[in-house]
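Inside the fold
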Amino acid sequence: LGGKSPEQMIKKNSLKNNPDNSDKKKMPKMIVGGREMEWDDYWAMIKKMEKEQEPFKKWIELEVMPAYKKYLAQSFKDNSVQSHLDVADIFFKRVLHIGFIFFEMIRKNFIQKEFPKWWQTHVMFRSLKEKEIVSSLEKLFKFIEVRFDKNIDIFGF
C-alpha cells in the first residue's frame, strides 16, 4: 500500500477510474408525489417535515399512547389489550412516516382502507384481518374523541 491507508488507496483508484466524479458521489434523484427531486432537496423536505411533526409526535408519545394503554388495561381483561396497542403504535408510526403533521390531517381513506391493506403485507408478527384493524382503530379514535376532545366525524367512525 506504500504507506497509505486502504481508504486513501480506494480514493486514489476511484479518481483514476472516474476523474470527473472527484471525491463526491452523485446521488440519485427521488420521485416524491409523482415529482422528481434532487437528493438534497428531498432530505431538506424530510427534515422540514420532521420538525413540523414534532408537536404531533410528542402528543402521540407523551399523551395519547400512555393514556390509551392505561384505558385498555382498565377496560379489557384479555389478550386483546396488546393487539389494540400494537395497532395503535404501528398506525401512528405509519402516520408519521407518511408525513401527516397533525391529527386532523389524517385522511379517512388512509384509516379505513390504505392502512389496513398496508398492514396485510407489512406486519408479519400480528395477523389481523382488515376489519379487525379498522375496528381497533375505531376504538382508538373513539378514545381520542372522549379523552382529548377531538372531533372524529371526519374519519368515518
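Refer to the structure presented above.
Residues numbered from 1 in each chain as written. Predicted model: local features only at pLDDT ≥ 70, side-chain atom pairs only at ≥ 80, totals over all residues. Heavy atoms only, no water.

1. Here's the deal with the packing of aromatic side chains
Counting across every chain of the model gives 22 aromatic pairs. In this structure, arginine 147 packs its charged tip against the face of phenylalanine 148, placed 4.9 Å from the ring centre. The lysine or arginine in question, lysine 150, covers the ring of tryptophan 59, its NZ or CZ lying 5.2 Å from the ring centre. (Phe/Tyr/Trp six-rings, centres within 6.5 Å; stacked < 30°, edge-to-face > 60°. Lys NZ or Arg CZ within 6 Å of the ring centre and 35° of its normal.)

2. Here we look at the side chain of aspartate 86
Residue placement: aspartate 86 occurs in helix H3 (residues 80–98). Judged by relative accessible area, aspartate 86 falls into the buried class, the value being 12%. Among residues more than four places away in sequence, those in contact with aspartate 86 are Trp119, Phe125 and Arg126. (Helix = DSSP H or I, 4+ residues; strand = E, 2+ residues; numbered from the N terminus. Buried < 20%, exposed > 50% of the residue type's maximum accessible area, 1.4 Å probe, protein only. Contact = heavy atoms within 4.5 Å.)

3. Observations regarding the environment of isoleucine 60
Its location among the elements puts isoleucine 60 in helix H2 (residues 39–75). In this structure isoleucine 60 comes out as buried when scored by relative accessible area, which is 5%. On a C-alpha basis, the gap between isoleucine 60 and phenylalanine 103 in space is 9.3 Å, while along the polypeptide they are 43 residues apart. Look past the residues within four positions of isoleucine 60 in its chain and what remains in contact with it is Met65, Pro66, Phe92 and Leu96.

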